[in-house]
Amino acid sequence: MSRIDPLVFQERHIGALVTRFQNVRDDYNRLTNPQELGKLRKHSAAVMLQAPTGIGKTLIATEVVARFSALDDVVWFWFAPYSTLIDQAMASLRRQAPQLNFLNIEHQRTPDDLASGALFVITWQSVATKTKEARLARTTGDAGLSVDDLIAQARALGLRVGVVVDEAHHGFVKAREAYRFFAEVLEPDYALLMTATPKDTDVASFADKTGYRVGDSSDWATITRHEGYQAGLLKLGVKTAQFLTGNNDDAALVDFEEVAMSECAAMHRHIKGVLARDGVTLTPLMLVQVPNGGAALEKAREYLTGPLKFPASAVKVHVADEPDPNLQALAQDPTVEVLVFKMAIAMGFDAPRAFTLAALRGTRDANFGIQVVGRIMRVHPLLQRRLGTPPVLDYGYVFLANREAQEGLTGAATVINKLKEHTADTTPETVVTFTVDSSFVQVVKTGQTAAIFPSVDQTLPAVDSTPDVAASAVPTTTLGHSELPLSHHTLTLFPELTKAALTHGAHDGTTPLVTAFKLDAEEQYNYPLKVAELPALVTEVLPTNTDDFEAQLVSFVDFSGVLSDRDRSRTKLVKRTVDIFEATDTPEDEDVWARMSAASIAQRARQIAFEYPDVDNRQFLQALRQRFRDALEGAGFEPPSSDEELTQQLELVLVRNPALIRQAHKRCRASQIQAVRVTLPPAHQSKYRLNLSKRNVYGIFPADLSPEELRFAEMLDIAPEVTWWHRNPVRQPESVALYRWSNGVGFFPDFVVAVKGRKAGDGVALVEFKGPQLQQYDKEKAGAAHTHYGRTFMVGAGAKDKKELRLFRLVDGDLVDDGLFEVVRLRYE
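Residues numbered from 1 in each chain as written. Predicted model: local features only at pLDDT ≥ 70, side-chain atom pairs only at ≥ 80, totals over all residues. Heavy atoms only, no water.

K.L.:
Before we go on, may I ask you to explain the overall build of the protein chain in this structure?
P.N.:
Secondary structure assignment for the protein chain yields 27 helices and 30 strands. Counting the 829 residues in the protein chain, one finds 49% classified as buried. Here the contacts in the protein chain between residues at least 6 apart in sequence split such that 72% fall between residues at least 24 apart. A total accessible area of about 41,300 Å² is found for the protein chain, and carbon and sulfur atoms account for 52% of it. (Helix = DSSP H or I, 4+ residues; strand = E, 2+ residues; numbered from the N terminus. Buried < 20%, exposed > 50% of the residue type's maximum accessible area, 1.4 Å probe, protein only. Contact = heavy atoms within 4.5 Å. Areas by Shrake-Rupley, 256 points an atom, 1.4 Å probe, with all protein chains shown as cover.)

K.L.:
When you look at the packing of aromatic side chains in this model, what are you seeing that I'm missing?
P.N.:
Any two aromatic rings considered together are summarised by their centre-to-centre distance and by the angle between their planes. Following the criterion strictly, the structure yields 17 aromatic pairs and no others. Stacked on the ring of Phe310, the Lys or Arg Arg269 has its end atom at 4.1 Å from the ring centre. When the ring centre of Phe637 is taken as origin, the NZ or CZ atom of Arg566, which lies over that ring, is 4.3 Å away. (Phe/Tyr/Trp six-rings, centres within 6.5 Å; stacked < 30°, edge-to-face > 60°. Lys NZ or Arg CZ within 6 Å of the ring centre and 35° of its normal.)

K.L.:
Sorry if this is basic, but what is going on with the confidence of the model for the protein chain here?
P.N.:
The pLDDT averaged across the protein chain works out to 83; a share of 80% of its residues lies at or above 70. Taken together, the stretch residues 456-494 has pLDDT below 50 and engages in six contacts with residues farther than four places along the chain or on a different chain. (pLDDT = per-residue confidence, 0-100.)

K.L.:
Could you clarify how one ought to interpret the sheet that holds strand E4 (residues 118-122) in this entry?
P.N.:
The strands that make up a sheet are held in pairs by hydrogen bonds between backbone atoms, and each pair lies either parallel or antiparallel. Read from one edge of the open sheet, seven strands run E3-E4-E2-E5-E6-E1-E7, paired in parallel fashion. The open sheet has two edge strands, strand E3 (101-103) and strand E7 (221-222), and neither has a second partner. Across three bridges, the pairing between E3 and E4 is parallel. Looking at E4, one finds that Asn101 is bridged to Ala118. Across the sheet, helix H1 (residues 8-30) touches strand E1 (46-50), strand E2 (74-79), strand E5 (160-165), strand E6 (190-195) and E7, and the angle it forms with E6 is around 150°. (Pairing = 2+ DSSP bridges. Axes fitted to C-alpha atoms, helices over the stretch in contact; angles between N-to-C directions.)

K.L.:
Where do I start with unusual backbone geometry in this structure?
P.N.:
Excluding glycine, most residues fall at negative phi; most peptide bonds, likewise, are trans. Positive phi values are uncommon outside glycine, yet Lys309 reaches one of about 60°. Taking the relative accessible area as the measure of exposure, Lys309 reaches 66% and is therefore exposed. Although it is not a glycine, Glu533 adopts a positive phi angle of roughly 50°. Within the secondary structure, Glu533 is located in the loop between strand E18 (525-528) and strand E19 (537-541). Given a relative accessible area of 80%, Glu533 falls into the exposed group.

K.L.:
Please clarify how the sheet that holds strand E12 (residues 354-359) should be interpreted in this entry.
P.N.:
Read from one edge to the other, the open sheet built from eight strands follows the order E10-E11-E9-E12-E13-E8-E20-E21, with strand pairing classed as mixed. Each of the sheet's edge strands pairs with one partner strand only, and the pair in question is strand E10 (315-317) and strand E21 (588-595). This sheet shows a mean twist of 25° between the axes of neighbouring strands, independent of strand direction. As paired elements, strand E9 (residues 285-290) and E12 share five bridges and run parallel to each other. Each bridged residue has a counterpart across the sheet, and for Gln289 the counterpart in E12 is Ala359.

K.L.:
Quick question: what am I supposed to make of the pattern of salt bridges here?
P.N.:
Throughout the structure, instances matching the rule amount to 37 salt bridges. One salt bridge connects Asp189 with Arg155, and the closest N-O pair in it is separated by 2.8 Å. Of this pair, Asp189 sits in the loop between helix H8 (177-186) and E6 while Arg155 sits in helix H6 (residues 147-156); the two residues are 34 residues apart in sequence, bridging distant segments of the chain. Given a relative accessible area of 25%, Arg155 falls into the partly exposed group. Linking Lys575 and Glu263 is a salt bridge whose minimum nitrogen-to-oxygen distance equals 3.2 Å. Of this pair, Lys575 sits in strand E20 (residues 570-579) while Glu263 sits in helix H12 (residues 256-277), placing them 312 residues apart in sequence. (Salt bridge = Lys/Arg side-chain N within 4 Å of Asp/Glu carboxyl O.)

K.L.:
Help me understand helix H13 (residues 294-305), please; the structure alone is not making it clear to me.
P.N.:
Helical geometry note: an α-helix holds 3.6 residues per turn, so side chains three or four residues apart project in the same direction. Helix length check: H13, at 12 residues, gives a terminal C-alpha distance of 17 Å against a target of 16 Å (1.5 Å per residue), a fit within 8%. Among the residues of H13, those classed as buried are Leu297, Ala300, Tyr303 and Leu304. Projection of H13 onto a plane perpendicular to its axis shows the buried side chains occupying an angular sector of 135°, all on one side. Turned more than 90 degrees from where H13 packs its buried face, Gly294 and Ala295 sit exposed. Looking at the buried residues of H13, the elements they touch are H12, E9, E10 and strand E11 (338-342). (Expected span 1.5 Å × (residues − 1). Arc of directions from axis to C-beta.)

K.L.:
Looking at this model, I keep getting lost on helix H3 (residues 57-69). Mind explaining?
P.N.:
Compared with an ideal rise of 1.5 Å per residue, which puts 13 residues at 18 Å, H3 spans 18 Å between its outermost C-alpha atoms and is within 8% of the ideal. When you tally the buried positions in H3, you get 11 out of 13 residues, the bulk of the element. Taken residue by residue, H3 has Lys57, Leu59, Ile60, Ala61, Thr62, Glu63, Val64, Val65, Ala66, Phe68 and Ser69 as its buried positions.

K.L.:
I'm lost on the pairing of strand E8 (residues 237-244) in this one. Help?
P.N.:
Looking along a regular strand, one sees side chains alternate from face to face of the sheet. The buried fraction of E8 is high, at seven of eight residues. Of the pairings in the sheet, the one linking E8 to strand E13 (residues 395-400) comprises five bridges and is parallel in character. Bridge assignment links Lys239 to a residue of E13, and that residue is Tyr397. Bridge count for E8 against E20 is six bridges, and the pairing is antiparallel. The residue bridging Gln242 from the neighbouring strand is Arg576, located in E20.

K.L.:
Would you take a moment to explain the packing of helix H22 (residues 598-609) against helix H24 (residues 643-656) for this structure?
P.N.:
Two measures define how a pair of helices packs: the angle their axes make with one another and the distance between the axes. At their nearest, the axes of H22 and H24 sit 8 Å apart, and the two run at 65° to each other. One element, H22, and the other, H24, form an angle in the roughly perpendicular class. Note that H22 runs across H24; the crossing there is left-handed. Where H22 abuts H24, its residues Ile601, Ala602, Arg604, Ala605, Arg606, Ile608 and Ala609 lie against Glu651, Leu652, Leu654 and Val655. Here the contact of H22 with H24 is composed, by residue class, of eight nonpolar, no polar and three charged. (Parallel < 35°, antiparallel > 145°, perpendicular 65-115°, else oblique. Left-handed = near helix turned anticlockwise from the far one by under 90°. Nonpolar A, V, L, I, M, F, W, Y, C, P; charged D, E, K, R; others polar.)

K.L.:
Sorry if this is basic, but what is going on with the nonpolar core here?
P.N.:
Ranked by internal contacts, the top residues of the largest apolar core, which has 104 residues, are Phe77, Phe79 and Leu186. For Leu186, the residues in contact, after removing those within four places along its chain, are Phe77, Phe79, Trp124, Ile151, Arg155, Val161, Val163 and Phe181. Core analysis: the second largest hydrophobic core is formed by 71 residues, Phe256, Tyr303, Phe310 and Phe620 among them. (Core = buried A, V, L, I, M, F, W, Y, C linked by side-chain atoms within 4.5 Å.)

K.L.:
Is there a simple way to explain the environment of Glu540 in this structure?
P.N.:
In this structure, Glu540 sits in strand E19. A relative accessible area of 1% means that Glu540 is categorised as buried. For the pair Glu540 and Arg740, spaced 200 residues apart in the sequence, the C-alpha separation amounts to 8.0 Å. When neighbours within four sequence positions are excluded, Glu540 is seen to be in contact with Ile673, Gln674, Ala737, Leu738, Tyr739, Arg740, Ala785, His786 and Thr787. In terms of polar contacts, Glu540 uses its side chain to reach the backbone amide nitrogen of Arg740, at 3.1 Å. (Polar contact = N/O pair within 3.5 Å; in protein donor to acceptor, adjacent residues only side chain to side chain.)

K.L.:
Is there a simple way to think about the pairing of strand E28 (residues 790-797) in this case?
P.N.:
With eight of its eight residues buried, E28 lies for the most part within the structure. Sheet topology places strand E26 (residues 764-769) next to E28; four bridges connect them, and they run parallel. Counted as the bridge partner of Phe769 is Val795 from E28. Two successive antiparallel strands, strand E27 (residues 785-786) and E28, enclose a turn made up of three residues. Looking at chain direction, E28 and strand E29 (residues 805-811) are connected through four bridges and run antiparallel. Counted as the bridge partner of Ala797 is Leu805 from E29.

K.L.:
For this particular structure, what's the right way to read the packing of H6 against H8?
P.N.:
Remark: H6 packs on H8, axes separated minimally by 10 Å, with the N-to-C direction vectors making an angle of 35°. Residues Val147, Asp148, Ile151 and Arg155 of H6 lie in contact with H8, whose contacting residues are Phe181, Val185 and Leu186. Counted by class, the contact of H6 with H8 contains five nonpolar, no polar and two charged residues.

K.L.:
I tried to follow the environment of Ala183 on my own but got confused; where do I start?
P.N.:
Here Ala183 lies in helix H8. On the basis of relative accessible area, Ala183 is assigned to the buried category, the value being 12%. Along the backbone, Ala183 and Lys42 are 141 residues apart, and their C-alpha atoms lie at a distance of 8.9 Å. Beyond its immediate sequence surroundings of up to four residues, Ala183 is in contact with Thr210 and Tyr212.

Encoded structure:
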């Protein structure tokens, strides 16, 4: 390729940047006070160029370097974002500006190589890190001068230093030492920073760490997306498609990465046909961006060459973590239809053939989104400024496998749309002012007036940092260890015990005080039963499984109404397409069918079938498979010929009906539950003295009651309707338990209450007390029923008034407020 003539808008920015550097050069030439040189550099040398990817930033910078090298003696350092892109950048620079003197940083570091227009293409990693290459470049030896000495030699020869930073946001973040190298070693007289993803915070950090000022975003040279579109360099917009479903159960079984690739491939093939019908000899490129890792790359390749039927020769996978010449060659090769690459490569390669991109992983980061958009925004030279182009070719298309990527792309569009066209200010905010015997630099903002004479710094008196000797003599107290003597009151808190301890020394740690505490800890309080002729309580018992439990369980599984689900392997999704640059446009929705992932179905089916630890999984699966085969034959269906296909159909039925096994297990266990009478212990033992109660069976308020439960217990204790009440322990021999309510999970209600006038359960009611934070979590307990005692009453604080206790019921799976709790309501079911 030959040199490219800049377009009108590019020429405008080139001219402004060259004029800006000319004015800075003139200030350098006028300055006679060398002490002011650093100030002039830091306030005038650097300028930011921000523009969307594909707009021609590299061409603009190359032209600026080439033209300005004819106007001043400058040696240039061009920083590429990756070392693997140095050769690519060098080739582009040679093609556009062959008059420059291109030098290799590895072996062309001699004074003889230095001249105006000399240019090194390097990375920050090659000079501003602790790598071997960086150490060699920073060391004078057989290969030549160190970079540090080379720059000093260039200045001694009368050359100034210019710097171009491509993807400036990347280099300084990836190589922190770059800040110091930029400010202390390079000390550039001219600096052009370029980025497609500017961040005000990054720019502020750059200014803070280097001292070089580039102003705020309104001061930067800015090129808009619309300028690029009008010039034919960029597409009109980018449309993103994400896939939505109202069925969360199905959504968990859909491989959205496969869906994104399938829809992306369909659009790719449509565009390929449009180009062919329009007479454009161009093979479009489909990009697939996968998570970092070899497994993800291989999975994408297998799906593309398998179900999507791309020829293996047309699908190429780039495995490196950084762009390199091989990646660029693949992007340009017309025999390659699909290029799979890692998510880490968010920039650094051009793909003008690309119209479609399947993003299998995403990020909410707008900067990442800008780079993704940049991959498909460029217009191929064969289509630039071509009249009558079909509308479908005016857009790039991104198919998203997850919602996070949509947020990143939307954020990217917002950032890009905010760009306002602005050429670089040709006059820097510095003024060189002359006095009789010197000159000085002033920073003059827009609207300000330069001072006639320099300001004189007010010198502050030195601060004496010598410690105050008197202050240091004050006694100090450290956290937890005071150097002051113990208080007299502390020594006399237990005068007799303290005296004995001091007298006997207490070398074994056994003082009278310790002995007293030990005896108190060993004391037990016994509270005997207070209720005369207390009847035995009834608990539900779940016996251990019999040897044939798996066969029993399978007999409760009813396939009769769900056999048709064995072939329902697809689910309906909504493909929502939006133009990310047109926020006001109504999204376009289209129904698409997606096949659920066989691997996801199998995994979910095993979670459903193997949920219960009391079941032997191997025996149960064998029996369940036979039960399924028998059900198919009984219904007149022909069973699959292979066990694998039979298993896949069974898995699909289980996934479509997740409650099938759960209900069978519940019914099976419920059929085995027995009611057994238990007797309360004759006394309640406690390490603490407990508050006395009137109606508790032991005459006390147990120590394990929470404040809310204690409040409820006090209501029972003063209620004339209550004959007695008991705090039901958990998993004790005397506990009252429920097992029929669930799949064999024990439930131990908080209170057992004998209520006057209650007919059910020999006059005994079970009460579960729940705080507001657990009511929804444990709502199923509000529907539990005991074999003997009947309904379990759930009581708790109300949602509106925490002081008011409410009664709750379970109605159609929802916890419903059943009104104000009154003890008398425990009489009735």
